[in-house]
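# Summary of the model geometry
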Amino acid sequence: MAVNMLLGLQWGDEGKGKIVDVLTKQYDIIARFQGGPNAGHTLIFDGHKHVLHTIPSGIFHENTLNVIGNGVVIDPVILQKELEKLTAFGVDFLEKLLVSRKAHIILPTHRLLDKVSETSKGEAKIGSTLKGIGPTYTDKISRSGLRVGDLQQENWEEKYRRLAKEHLSKLAFYDVDYSDFDLEKEEKIFFEAVSYLKKLTFIDSELYFQKAIKEGKKILAEGAQGSLLDIDFGTYPFVTSSNTVAAGGCTGLGIAPNKMDKVFGIFKAYTTRVGSGPFPTEIDDDYGKAMAKVGHEFGATTGRPRRCGWLDLVALKYSVLINGVTDLMMMKADVLSGFDTIKVCTAYKYKGEIIDYFPYNIDTEFLEPIYTDFNGWTEDLTQFTKESEFPKELNEYIAFLEKETEVKISIVSVGPDRKQTIFR
Ligand code: GDP
Ligand code: IMO
Ligand code: MG
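Anyway, here's the lowdown on the structure attached to this text. Everything quoted here is computed from the prediction, not taken from an experiment.

### Remarks on the site of ligand 1
As a structural note, the neighbourhood of ligand 1 is formed by 20 residues, with G15, K16, T42, D334 and S413 the closest of them. Within the contact set of ligand 1, an oxygen atom lies 2.5 Å away from a side-chain nitrogen or oxygen of T42. Contact distances for ligand 1 include 2.5 Å between an oxygen atom and a side-chain N or O atom of S413. In isolation ligand 1 has 580 Å² of accessible area, and contact with the protein removes 93% of it.

### A few points about the coordination of the magnesium ion (ligand 3)
Every protein donor of the magnesium ion (ligand 3) is accounted for by D13 (OD) and G40 (O), and the metal-donor separations fall at 2.1 to 2.2 Å. Taken together, the positions of D13 in the loop between strand 1 (3–8) and helix 1 (16–23) and G40 in the loop between strand 2 (29–32) and strand 3 (41–45) put the pair 27 residues apart, joining distant regions of the chain. Exposure remark for D13: the relative accessible area of 21% places this residue in the partly exposed category.

### Quick notes on the sheet that holds strand 7 (residues 97–100)
One open sheet accounts for ten strands, arranged 9-7-5-2-10-1-11-15-19-20; its pairing is mixed. The sheet terminates laterally at strand 9 (201–203) and strand 20 (421–423), the two strands that pair on one side only. Ignoring strand direction, the axes of neighbouring strands in this sheet form an average angle of 25°. Where strand 2 meets strand 10 (residues 219–226), four bridges bridge the pair, whose relative direction is parallel. Bridging from a neighbouring strand, I29 pairs with I219 of strand 10.

### Details of the site of ligand 2
Taken together, 20 residues lie around ligand 2, and D13, K16, H41, T129 and T240 are the ones closest in. Measuring from an oxygen atom of ligand 2, one finds a backbone N or O atom of G127 at 3.4 Å. At a separation of 3.0 Å, an oxygen atom of ligand 2 approaches a polar side-chain atom of R304. Look at ligand 2: alone it shows 550 Å² of surface, and the protein chains cover 97% of it. Broken down by class, the residue content of the shell around ligand 2 amounts to seven nonpolar, ten polar and three charged.

### Observations concerning the pattern of salt bridges
Overall, the coordinates contain 24 salt bridges when judged by the stated rule. R101 serves as the salt-bridge partner of D204, at 3.1 Å between the closest nitrogen and oxygen. Linking D204 in the loop between strand 9 and helix 7 (205–214) with R101 in the loop between strand 7 and strand 8 (104–105), this pair joins segments that are 103 residues apart in sequence. A relative accessible area of 26% means that R101 is categorised as partly exposed. Between D180 and K115 there is a salt bridge, with its nearest N and O atoms 3.9 Å apart. Of the two residues, D180 is situated in the loop between helix 5 (156–171) and helix 6 (183–197) and K115 in helix 3 (residues 108–121); the sequence distance between them amounts to 65 residues. Assessed through its relative accessible area of 40%, K115 is described here as partly exposed. Put simply, D13, K268, E297, R306 and K332 are held in one network by salt bridges that share partners.

Rules behind the numbers
Residues numbered from 1 in each chain as written. Chains lettered and ligands numbered in written order. Predicted model: local features only at pLDDT ≥ 70, side-chain atom pairs only at ≥ 80, totals over all residues. Heavy atoms only, no water. Near = heavy atom within 4 Å. Polar contact = N/O pair within 3.5 Å; in protein donor to acceptor, adjacent residues only side chain to side chain. Areas by Shrake-Rupley, 256 points an atom, 1.4 Å probe, with all protein chains shown as cover. Donors = N, O, S within 2.8 Å, 3.2 Å for Na, K, Ca; no water. Helix = DSSP H or I, 4+ residues; strand = E, 2+ residues; numbered from the N terminus. Buried < 20%, exposed > 50% of the residue type's maximum accessible area, 1.4 Å probe, protein only. Pairing = 2+ DSSP bridges. Axes fitted to C-alpha atoms, helices over the stretch in contact; angles between N-to-C directions. Nonpolar A, V, L, I, M, F, W, Y, C, P; charged D, E, K, R; others polar. Salt bridge = Lys/Arg side-chain N within 4 Å of Asp/Glu carboxyl O.

Here it is in structure tokens:
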């Protein structure tokens, strides 16, 4: 084994943080490869709940190193808050958290640009987390961004000022009032956070990983968001600004494709989405309300209610294919307990035709889901510890999904706690 990857197959929040934490003991290094503080990865163990935004989900384990890769965008202010929480919890991160010099920095004015751009879009807004993700990746691609490695250079503040000035001039294009933005105050907090960030060890992650792979180290790459939010393959423009798919693991860490081995794809037994954009299987009936309530479907980063709906198998198969998923992990099976019927979208009616692929435009104006019904189960799964306890209806659900995706479901998650994880 060289490098395995773990990524979300839907619109994010599948439970990546939980499973990375569960798997960490099998690895030497956990590495986040894209996204930034738009992510919220929840870990629950020993009666404590932790939400990580930028820090890889292996951080609570004694002997594992954690790398923030070059593909990640870092807000020093948010990272500082995360690190302070770790300190309060007694985690000594200095020895086990490494940051790529090539990761880009989110400036306060990136956050402002995100907000102003969203406001100017009105009803057509993306539903961004407003963490400055889009504007920061924009600067990366347009070759004007500030990187972690710059912070080690004497003239970094000059670079910062030039970039912030550019942002302020861009703001003039929007007809949006941002007078409540206090640049001086934001900059003070930002500069303090940069000093804090400089306490961490900066690395050239591509060289670091080459060496680690040669030494036989086991590496798990942790994705953020989900494939349907991918900048190329997601429901554009209602996506995030990075490659969330498996290929992003190579570019986001500096690891060659032939060093990648297994791809673990995580999905919920149903579907959720935060923010705007098409969601064909979205439901607002009693089933949807039960998913939201039992599943506590509120964003881990923004607290916004997540939209809920049935499992979209057409979309799931698409994600399995573009990622080359080798193992599936089904999360939140416990949330569906007590449903008399469980629906799975197995095809779409698209402009009057029945199709079984994910089309260019999944706008519900053109497209309607076609469902296959399954019998539900009444058993509370949350106390189960082994597969042999599963009700037959759950086994039927799993068998159907495995047959359709042609991939084994190797983990079924039956609750948010580390322990509520069943390996098959
Ligand atoms: P991530 O972004 O993919 O790491 O997922 P989030 O942490 O944003 O959202 C997943 C939510 O579901 C969190 O509140 C988890 O604690 C919770 N969770 C994870 N797995 C399960 C599960 O199997 N059952 C239930 N009921 N909750 C789960
Ligand atoms: P994790 O890693 C769910 C969504 C936002 C919005 C769109 C663009 O916890 O699964 P952005 O701030 O990236 O410009 O927002 O993407 N989004 C997520 N949804 N989970 C996430 O991360 C998300 N990160 C971004 O809601 O629709
Ligand atoms: Mg999340």
